[in-house]
Amino acid sequence: MEFKPGKVFLMRAPEGVDLLEFVNSFAEKNGINTAIVKGIGSLRNPVVGYYSEETKSYKKIELVGTFELLTLLGNISIKDGKPFAHLHVTLGNANGDVFGGHLIKGAVFVAEVFIQELLGEPLERKKQENGLVLWDSEGI
Amino acid sequence: MEFKPGKVFLMRAPEGVDLLEFVNSFAEKNGINTAIVKGIGSLRNPVVGYYSEETKSYKKIELVGTFELLTLLGNISIKDGKPFAHLHVTLGNANGDVFGGHLIKGAVFVAEVFIQELLGEPLERKKQENGLVLWDSEGI
Amino acid sequence: MEFKPGKVFLMRAPEGVDLLEFVNSFAEKNGINTAIVKGIGSLRNPVVGYYSEETKSYKKIELVGTFELLTLLGNISIKDGKPFAHLHVTLGNANGDVFGGHLIKGAVFVAEVFIQELLGEPLERKKQENGLVLWDSEGI
């Protein structure tokens, strides 16, 4: 689906907040319904998910300690009538090893977040045939 | 090289298609010659490449199973007269371990793809002195 | 903080230069004070950092060999009166294993770099209460 660029934000999320909650609440307060989200920083005790096709559910992976946030990447669209952030992360430890998944939780030590709002028709997550809550897919 | 922003697309690639082919064919159908590409999702049996300076060729790394697509990042430019996507990926497994490389192949389970078209002079890949097919480099 | 989009650059950094120095010097030459930076490519002997909350310093991780640059992600803002790039990287080896951290050093084999300038109030790094040199944080 095609969009027009809207507002652009670059900011530091406050230390101690949950990163996912911060992005969702920022979107709600600023009336952002569709956006691209990116960022870097450092997260404490992040919890990420791996979606299993077999069990049709997220396996939770709890990481202990402070990790470099190497990539925060995802989007905001509408789910159940309000802005909903879908974010994936990669995280580095003190040895440079990298872990990652779907962001479930993670306290901000440092987070420099970029949000590019997109303007256009509402992009909405709906229950799809594979059980997941996704946008309608693009034609091929 | 400097560009002007063009069209902006955010969409879900259909389940089952090859992600690289989807991006290339989307670019061709929409007349996109230059772009930035980003995305997240989940890929089945991705194949990634590692370019070896010694052998001057890509080593193929075949990953088995379904992986969280933590980052899809790259660009579209012109190669052999048509749009060509150069994409790198990071991929997470059920333990949160991360693998990655140059995207060669990978079937979409879920792929939320953002494409920012860039308008300007053609950006073309040509055989360079190091044997790779690259854009002319920026002056220092 | 809200910004307006400025100039947009997509280019190849020359082989052999240090990637971080290239971005900083490109920003300075082009008068870019605030920007989003992204890229992919391949780096030789990258050195990345992990910031330890305990020691309040960066641990250096020296990686030997040539690595696929899977993600270069970060920003440019003002520090000590001039443009300063804060960049994180993920890097893949010949087995597809991924390493990463805060980019300290790394010689370009290939680097395709995208810079999106942002226009607005100066975004400045200052010594914060946690000892790090960061932007003032967004209100919650």
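In case you missed it, the structure is sitting above this.
Residues numbered from 1 in each chain as written. Chains lettered and ligands numbered in written order. Predicted model: local features only at pLDDT ≥ 70, side-chain atom pairs only at ≥ 80, totals over all residues. Heavy atoms only, no water.

Caption draft 1: The arrangement of the interface of chain C and chain A in detail. Contact residues are listed per partner, giving 41 residues for chain C and 37 residues for chain A. Between chain C and chain A the total buried area reaches about 3,200 Å² when both faces are included, carbon and sulfur atoms providing 62% of it. The interface formed by chain C and chain A holds two salt bridges in total. We note a salt bridge from A:Arg44 to C:Glu53, for which the minimum N-O separation is 2.7 Å. Taken together, the connections running from chain C to chain A amount to 17 residue pairs in polar contact (both at pLDDT 80 or more). (Contact = heavy atoms within 4.5 Å. Buried area = accessible area lost by both parts, 1.4 Å probe. Salt bridge = Lys/Arg side-chain N within 4 Å of Asp/Glu carboxyl O. Polar contact = N/O pair within 3.5 Å; in protein donor to acceptor, adjacent residues only side chain to side chain.)

Caption draft 2: Inspection of the environment of C:Val110 at higher detail. Residues and elements named next belong to chain C. Turning to its location among the elements, Val-110 is positioned in strand β6 (residues 98-119). Judged by relative accessible area, Val-110 falls into the buried class, the value being 5%. Sequence-wise, Val-110 and Pro-5 are 105 residues apart; in three dimensions their C-alpha atoms are separated by 27 Å. (Helix = DSSP H or I, 4+ residues; strand = E, 2+ residues; numbered from the N terminus. Buried < 20%, exposed > 50% of the residue type's maximum accessible area, 1.4 Å probe, protein only.)

Caption draft 3: Structural view of the layout of surface pockets. There is about 370 Å³ of room inside the largest pocket. Taken together, 23 residues line the largest pocket, and the ones lying closest to its centre are A:Tyr58, A:His86, A:His102, A:Leu132 and A:Val133. Listing elements by their share of the lining of the largest pocket, those giving two or more residues are α1 (19-29), β5 (82-92), β6 (98-119) and β8 (133-134) of chain A together with β2 (35-52) and β6 (98-119) of chain B. Per element, the largest residue contribution to the lining of the largest pocket is five residues, and it comes from β5(A). Split into classes, the residues belonging to the lining of the largest pocket amount to 13 nonpolar, six polar and four charged. (1 Å grid on protein atoms, 1.4 Å probe; cavity = no way out; pocket = protein on both sides within 12 Å on 5 of 7 lines; lining within 4 Å. Points joined across faces, edges and corners; volume = space filled by probe spheres on them. Nonpolar A, V, L, I, M, F, W, Y, C, P; charged D, E, K, R; others polar.)

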